There are 2 protein chains.
Amino acid sequence: MTQIDDRCAAPAAPSAPPGEGVGEAFDARRFRESAGAVAARLAGPLTDLSVRGLALTDPAELTAAARALMTAERDRIAPHDPARLDAIMDLYVRTGIPVHSPGAMGRQFSGVVPLAGVMDFAGAMVSQPASFYEAGQLPSVAERIMGEELGRLIGWDPAAAAMVTTSGGSLANLTALLAARARAFPALWTRGGTDGVRPAVAVGADAHYSVTRAAGVMGIGETQIVRLPLDAARRIDVRRAGPALAAARRRGLSVFCLVASAGTTSVGAFDPLDELAGLCREHGLWLHVDGAHGASLLVSGELRGRLRGVEHADSLTWDAHKLMFVPAPCTMLFYRDGARSLGAFRQRASYVFDEEPDEYAALDSGGRNFECTKRPMIMPLWTLWAMHGPALFAQKIEHVCRLARDAHGLLLAEPDFEAVHAPQANILCFRHRPRGLAAPDVHRFQNAVRNRVRGGGSFFISKVDIDGTAALRAVLMSHHTTLDHVRMLLAEIRDAGRALLAEGADR
Amino acid sequence: MTQIDDRCAAPAAPSAPPGEGVGEAFDARRFRESAGAVAARLAGPLTDLSVRGLALTDPAELTAAARALMTAERDRIAPHDPARLDAIMDLYVRTGIPVHSPGAMGRQFSGVVPLAGVMDFAGAMVSQPASFYEAGQLPSVAERIMGEELGRLIGWDPAAAAMVTTSGGSLANLTALLAARARAFPALWTRGGTDGVRPAVAVGADAHYSVTRAAGVMGIGETQIVRLPLDAARRIDVRRAGPALAAARRRGLSVFCLVASAGTTSVGAFDPLDELAGLCREHGLWLHVDGAHGASLLVSGELRGRLRGVEHADSLTWDAHKLMFVPAPCTMLFYRDGARSLGAFRQRASYVFDEEPDEYAALDSGGRNFECTKRPMIMPLWTLWAMHGPALFAQKIEHVCRLARDAHGLLLAEPDFEAVHAPQANILCFRHRPRGLAAPDVHRFQNAVRNRVRGGGSFFISKVDIDGTAALRAVLMSHHTTLDHVRMLLAEIRDAGRALLAEGADR
C-alpha cells in the first residue's frame, strides 16, 4: 500500500479560473457536434431490422480494445478528439445487445422509445437530483401527475394513495418491505432487534430474487422466508398458502408481509391477487405486489384483468423500464395508503429536510425514497404519456403478449418442443427435446443450446430453471418481432441441438 | 375502489404488428430531429454565464402548466408534436437549477461535463442493465478499468481490490455495511436475528443521514448507533472515540463497523483516516469511508493528502456525480479485499446467475451490487477519463477548493459574517450576523435569509445546522465561479438581512 503524503498545506495561487482545457470541455458548439454525432450513431439500429443475436466478445480482448482508446496524458487535459468518440461509440454499439432487432428476446428490456431516450438525455444535463422539489421542480410535479394517472388504473383514490419513484425494482421491493415492517413493528426503527420475535416474510416460490435479498438486507434470514407453494400455472396456490402460514406461526415466525408477483420473472405468471388479498386480511398481513414486470398490463384494457384484485394490495412495484419502454431505471412504488410511505425511513438531516415544511416541501420525496440523489427518472415516462397518451404502451404490450400466446400455440404443434406453461404475459418458456435426447440430459442440454445460440446465433434468449430443470426463455419485447421470427428461432434451436447431439455422439 | 374485470379470455386477433403510431414513435429521422432540438436547448445554458439563482415556482401553478402540455387522447396514439416537445423542454430548463451559472452553490452537484451527458444519452439508448456482462459488455469492462485506475489512487493493489458501481452513495454505504456485517456475523444472512447480540455501528456525529438510514434498514435501531464526538474542526475526535467505543461495549453493543467521512456533507470535513484505521485494528472493526463527496480529491496531487490513511480502509464510497461532474448516479464502492464484496448479498437466481461460471460471468457484478437492472453508469466517467485524462477533474476540483479557502479568507475580514469552519474542500459554511440581530434570533435568521435568497436572488445556496444553530452553506462547484461572485453573494445576503430586519421592526 502506498502512503498519501499530506500536501494540503502547500501554498497555492489565489483562485483563478482553471485553464483553457476545462473551458473547452464545456464548449457549447462542441457539445452540439458530439450530441449530433452520437445521435446519428444511435439512429442506425432504429432502421436496421435484421435478425441478430448477441455478439459476445472475449473480456480480455474487449479490455485491450477499450484501453487502446484511452489517452495516456496525465498532467495536461488531452484535447477533444472526435475520432476517439466515434471509436468509443462504435465499440459500445457493436458490443451492446441489438435491442431493436426482432432477435432480441433475452431479457425484460428492449429498445426504448427514442423520445424517452432523448428526454433522459435532457435529465442528465438539466438538473440532477429529484428527491427534493427545489432541485427538480418539473420532475417532482410529473411524478405526482403520473402517480395519479397510473394510480387510477390500479383503482386507487388519488387523494389517499401515493407514488414514489426509486432506482429499480429491487429498491422498491425493499422499500415496501420496510413500510410493512414499520406497520408491524413500529418500535424497531428506534430500538432495533425484535426481542424474541422472529419477523418473517411470505413469498411465492417463484418470487424475484430481489425480494428475498431485501429480506436478507433487513436481517430477516433465509430461514425466516416462508415459501408459498405454487399451482400448476406457477402461481401461488391460495388453498395451500393458508396452511403454510399457519405452519410458519407454529415454527415461531411472525409473518408481517406477503409478497405476490404480478408477472413472475421466470415465466410471467400472475398470482391470484384477489384471493391473496382475502388471505392477507384474515392473517393481518401487508400485501405487497411485485409488479415490476407485469403492472404495465394495467394500461391495456385487454390485459388488465391479469391483475384482478391489485386494488386490495397495500403496495405495488411497477417498473416502467420494462414494459413501458423507457430507459432504466424508472421504477414506481405505489401505496394504497399514502401515509404509510413515510414509515419506510424515518429521518431528519438539516441540509435536506426543512424544519418548517412549506408548500414546496410537500412535494419532496426524499423522506419516502431511499436515495438522497435520485435521477429525475419520471421525465421520460411522463413525456411519452404527455406526447402520445396511454395507447402507445397498450398497443406495444398487447402485441408482445399476443405474440407469446401465439408462439405457445406454435410450440404445442411441434413434437420436439415442450411448453412448460401457457404464457400470461410476454414471456415464453419451453424446452427443446429432440429425439435421441435422454431424459437425464434434458437439463444440461437446454443450457448448452442456450449458450450455443447466444454464442453466435441470430437470437438472444435466456434460460430459467423450472422445478429444477432448465428451460429456454424468450421475452418478447419488440413490436418488430412476429410469429415468423419465432419460427426462425425454433429452427435455430433445432440446428444448435442437432450440432450438440452430433458432438456428443463423437465424444 | 374499482374492480378490474377479467377480460383476459376475450378472443383477440392473431399477432400482427401494432399500428402505424408505434412505428412512428420509433422513427429514426424524427429521433435525430428531436435529439437535435433538445441538444440545442441544452446548449443554451452552457454559454449563459449570468449570475442566477433558483426560479422557484408554485407547485400548483407548475402542475397546471404540466397538465396543459398533456394530450387528452386515450384510445389512439397521439402524433408527435415538436411544439409540445419544445414547450416541455422550455418548462424543464426554466424550472431547473441553473447548474452552469456561477450563482449555483446550493448542492453538491453542478453542470455536468457535456460529453458525459452525451455518453449518458448513449447509455440510455444502447443497452440497459449493466449488472451482467452479456447485457453490458463495454460497461463491465470500463468498470473494471476505472476500478484499477482509481484504485491505484487509493493506494490499493489492483489484483486484490475490487470496485462495483451502484445507484448512489446511500446504496453504496448500505452495501458496505452489509459486507461488514457478513464478516462479523457470517450466520446472519441464513439464520436472521442475532440471538442476544446487539450489532452496532459507530459513526461520526456529522455522518451523512444515509449511513444511519442504512443501519435502520438493516434492523439496527437508532439506539445501536454509536455517535463519535467531533473535534473543533468537526472531524471525529480520535482521542474520545476509543472511550466511546468502550462505553458502547459496556452497554452491551457489538460494534462491527466504523464509518468515517471523507468530506462530510455538512461542512466538507475529513475525518483522520490514518488514526481511525489504527483504532479499528485495535477494536477489530471494519473501517468504511464515506467519501461520496471528497474521494474525488484523490485525483489531485495538491489535495489528495486530505485522505491520508484511506489506503487502510476496508471500503470506500466514491460518488463521481459530485466532484467528477458526470450525471447522477455514478457511485463507486471500493473494497480493499475484493473477495469481501461477495459477502454483502448471497443469492442465486437461475435466470441471471450461471450455474457454471464462464469467462463472461467473471465480469458479472450482479452478485456484488444490490440492483438487478443497473444503469451502465460508468460509461460517462470512463469516456471523460479516456478522452481527457485525470487533469480535467484535478483542475476543476483544485479551482473550487481554492475558491472555498479564499472565500473563507474574505469572510474573516467581514465583521457581520461568521465563519463556522476553515474549509477543507469546496464547501463553505458561515453565518450572517449583522448588527441589531439578537443572539437568540441567529438560528431563525439564517433560515429566513436563505429562503429569501432562494426565493428570488442571484444565488442558490443551502443551509445546515451546526451544533443546533443554522448556518448558510455554499457548495462551490463551477469553474465559472470566482471570488467576485462570492463578494456579490455576501452583498445579496446583506440586502436580504437588512430587509428582514426592517420587516421585523415593522411588525
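Basis of the calculations
- Residues numbered from 1 in each chain as written.
- Chains lettered and ligands numbered in written order.
- Predicted model: local features only at pLDDT ≥ 70, side-chain atom pairs only at ≥ 80, totals over all residues.
- Heavy atoms only, no water.
- Helix = DSSP H or I, 4+ residues; strand = E, 2+ residues; numbered from the N terminus.
- Rg over C-alpha atoms; globule rule 2.2 N^0.38 Å.
- Buried < 20%, exposed > 50% of the residue type's maximum accessible area, 1.4 Å probe, protein only.
- Contact = heavy atoms within 4.5 Å.
- Lys, Arg positive; Asp, Glu negative; His and termini not counted.
- Charge placed at Lys NZ, Arg CZ, Asp CG, Glu CD.
- Pairing = 2+ DSSP bridges.
- Axes fitted to C-alpha atoms, helices over the stretch in contact; angles between N-to-C directions.
- Domains from an automatic or database assignment.
- Buried area = accessible area lost by both parts, 1.4 Å probe.
- Salt bridge = Lys/Arg side-chain N within 4 Å of Asp/Glu carboxyl O.
- Polar contact = N/O pair within 3.5 Å; in protein donor to acceptor, adjacent residues only side chain to side chain.
- Expected span 1.5 Å × (residues − 1).

(A) The arrangement of the overall build of chain A in detail. When you go through chain A residue by residue, the secondary structure sums to 16 helices and 11 strands. Expected size for 507 residues packed as a compact globule is a radius of gyration near 23 Å; at 25 Å, chain A falls within 12% of this value. Counting only C-alpha atoms and orienting by the principal axes, one finds that chain A spans roughly 75 × 60 × 55 Å. By residue count, 67% of the 507 residues in chain A fall in the buried class. Within chain A, contacts between residues separated by at least 24 positions form 74% of all contacts whose residues are at least 6 apart in sequence. Here chain A contributes 55 positively and 55 negatively charged side chains, and the mean placements of these two sets differ by 6 Å.

(B) Seen up close, the sheet that holds strand E10 (residues 462-466) of chain B. Residue and element names in this part refer to chain B. Reading across the sheet, the four strands line up as E8-E9-E11-E10 and stay open at both edges, with antiparallel pairing between neighbours. Where the open sheet ends on each side, the last strands, each with one partner, are strand E8 (417-419) and E10. On average, adjacent strands in this sheet sit at an angle of 40 degrees to one another, irrespective of strand direction. As judged from the five bridges shared by E10 and strand E11 (residues 469-475), these two strands associate in the antiparallel manner. Across the sheet, the residue bridging to Lys463 is Leu472, located in E11. Those strands touched by helix H14 (residues 391-412) are E8 and strand E9 (427-432), and its axis lies near 15 degrees from that of E9. Lying over the sheet, helix H15 (residues 442-456) contacts E9, E10 and E11, oriented at roughly 35 degrees with respect to E11.

(C) Up close: the domain arrangement of chain A. All names here are of chain A. By the assigned domains, chain A splits into domain 1 (27-111), domain 2 (127-389) and domain 3 (392-506). Centre-to-centre separation of domain 1 and domain 2, based on C-alpha positions: 35 Å. Counting residues at the interface gives four residues for domain 1, matched by five residues for domain 2. Taking both sides of the interface into account, the surface hidden between domain 1 and domain 2 amounts to around 360 Å²; carbon and sulfur atoms contribute 46%. Our enumeration of links across domain 1 and domain 2 arrives at zero salt bridges.

(D) Focus on the interface of chain B and chain A. On the chain A side, the residues contacting the 204 residues of chain B number 204 residues. Roughly 18,000 Å² is buried in total at the junction of chain B and chain A, and carbon and sulfur atoms are behind 61% of that figure. Across the contact surface, chain B and chain A share 14 salt bridges. Here Arg375(B) and Asp120(A) are joined by a salt bridge, their closest N and O atoms 2.5 Å apart. Where chain B packs against chain A, one counts 46 residue pairs in polar contact (both at pLDDT 80 or more).

(E) How the structure looks around H14(B). Between its first and last C-alpha, H14(B) extends 32 Å over 22 residues, near the 32 Å set by a 1.5 Å rise per residue. Extensive coverage of H14(B) is indicated by the burial of 18 of its 22 residues.

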